[in-house]
Amino acid sequence: MLRGRPGRQTTGGNRLRTPASDAWDGSPNHCMPEPLGSERTSVHREQLLTAIDMAESELRRLGLGHARVSSLEGVACLDLPAAEAAGIASDPLRGEVLRAVRAAGFERVAMYIDAH
């Protein structure tokens, strides 16, 4: 994926490390964007994957079967079909979603408004 990138060509084969290639593990299952220069350890990664799995499991339990969770600096970003997204905007489901995602370890919860 990253081989044809212009920045790759400027390294001149010097094996320079880049945040994008260092972070990419090829996994299509979880989206974990992080700011450039952030430290990533295997422990942090495993904790984050566990939190994402827990949040998605709880969302399925609440009837949100198509929900996907990604993380951006401690914020759980929910990606839901529009029909499911409309339902979580008001209580009581809103409160249940917030409790479930926060219990998984996220400080804040956001929702993509351009979800499919």
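Look a little higher up for the structure.
Treat the numbers as computed from the prediction; the structure is a model and nothing was measured.

S.K.: Hey, could you run me through the overall build of the protein chain in this one?
M.R.: In terms of helices and strands, the protein chain carries five helices and three strands. Ordered by position from the N terminus, the helices and strands of the protein chain form the series α-α-α-β-β-α-α-β. Taken over 116 residues, the protein chain has a buried fraction of 28%. The long-range fraction of contacts in the protein chain, counting pairs at least 24 apart against all pairs at least 6 apart in sequence, stands at 50%. Total accessible area computed for the protein chain in this model is approximately 8,000 Å², and 53% of it derives from carbon and sulfur atoms.

S.K.: How should the nonpolar core be read in this particular structure?
M.R.: When a protein is soluble and globular, its nonpolar side chains tend to lie buried together. The biggest cluster of nonpolar side chains holds 19 residues, and the ones touching the most others in it are L59, V69, L78, V97, V101 and F106. Counting residues per element, the ones that place at least two in this core are α3 (42–61), β2 (75–79) and α5 (93–103). Here the element with the most residues in this core is α3; it accounts for five residues. Residue contacts for L59: discarding those within four places in its chain leaves L64, A67, V69, L78, V97 and V101.

S.K.: What's the story with α5 in this structure? I'm lost.
M.R.: Every buried residue belonging to α5 is among G95, V97, L98, A100 and V101, and all of these are buried. Directly beyond the C-terminal end of α5, a positive phi value near 120 degrees is found at G105.

S.K.: In this structure, what is going on with the environment of A67? I would like to understand it.
M.R.: Relative to the elements of secondary structure, A67 occurs in the loop between α3 and β1 (68–72). Take A67: its relative accessible area is 4%, and that puts it in the buried class. Along the primary structure A67 and D79 are separated by 12 residues, whereas in three dimensions their C-alpha atoms are 5.8 Å apart. A67 has contacts with E56, L59, D79, L80 and E84, leaving out every residue within four places of it along the chain.

S.K.: Explain the sheet that holds β1 here, please?
M.R.: Backbone-to-backbone hydrogen bonds join strands into a sheet, with any given pair of strands oriented parallel or antiparallel. Within the open sheet, the three strands sit side by side as β1-β2-β3. Their pairing is mixed. Single-partner strands in this sheet number two, and they are β1 and β3 (108–111). Within the sheet, the average angular offset between the axes of one strand and its neighbour, ignoring direction, is 30 degrees. Here four bridges tie β2 to β3, and the two strands are oriented parallel to one another. Its bridge partner lying in β3, C77 is registered against A110.

S.K.: Can you help me understand the side chain of E56 in this one?
M.R.: Mapping E56 onto the fold places it in helix α3. Of note is the side chain of E56, whose polar atom sits 3.4 Å from the side chain of R68. Discounting chain neighbours no more than four positions away, the residues touching E56 are A67, R68 and V69.

Criteria and cut-off values
- Residues numbered from 1 in each chain as written.
- Predicted model: local features only at pLDDT ≥ 70, side-chain atom pairs only at ≥ 80, totals over all residues.
- Heavy atoms only, no water.
- Helix = DSSP H or I, 4+ residues; strand = E, 2+ residues; numbered from the N terminus.
- Buried < 20%, exposed > 50% of the residue type's maximum accessible area, 1.4 Å probe, protein only.
- Contact = heavy atoms within 4.5 Å.
- Areas by Shrake-Rupley, 256 points an atom, 1.4 Å probe, with all protein chains shown as cover.
- Core = buried A, V, L, I, M, F, W, Y, C linked by side-chain atoms within 4.5 Å.
- Pairing = 2+ DSSP bridges.
- Axes fitted to C-alpha atoms, helices over the stretch in contact; angles between N-to-C directions.
- Polar contact = N/O pair within 3.5 Å; in protein donor to acceptor, adjacent residues only side chain to side chain.

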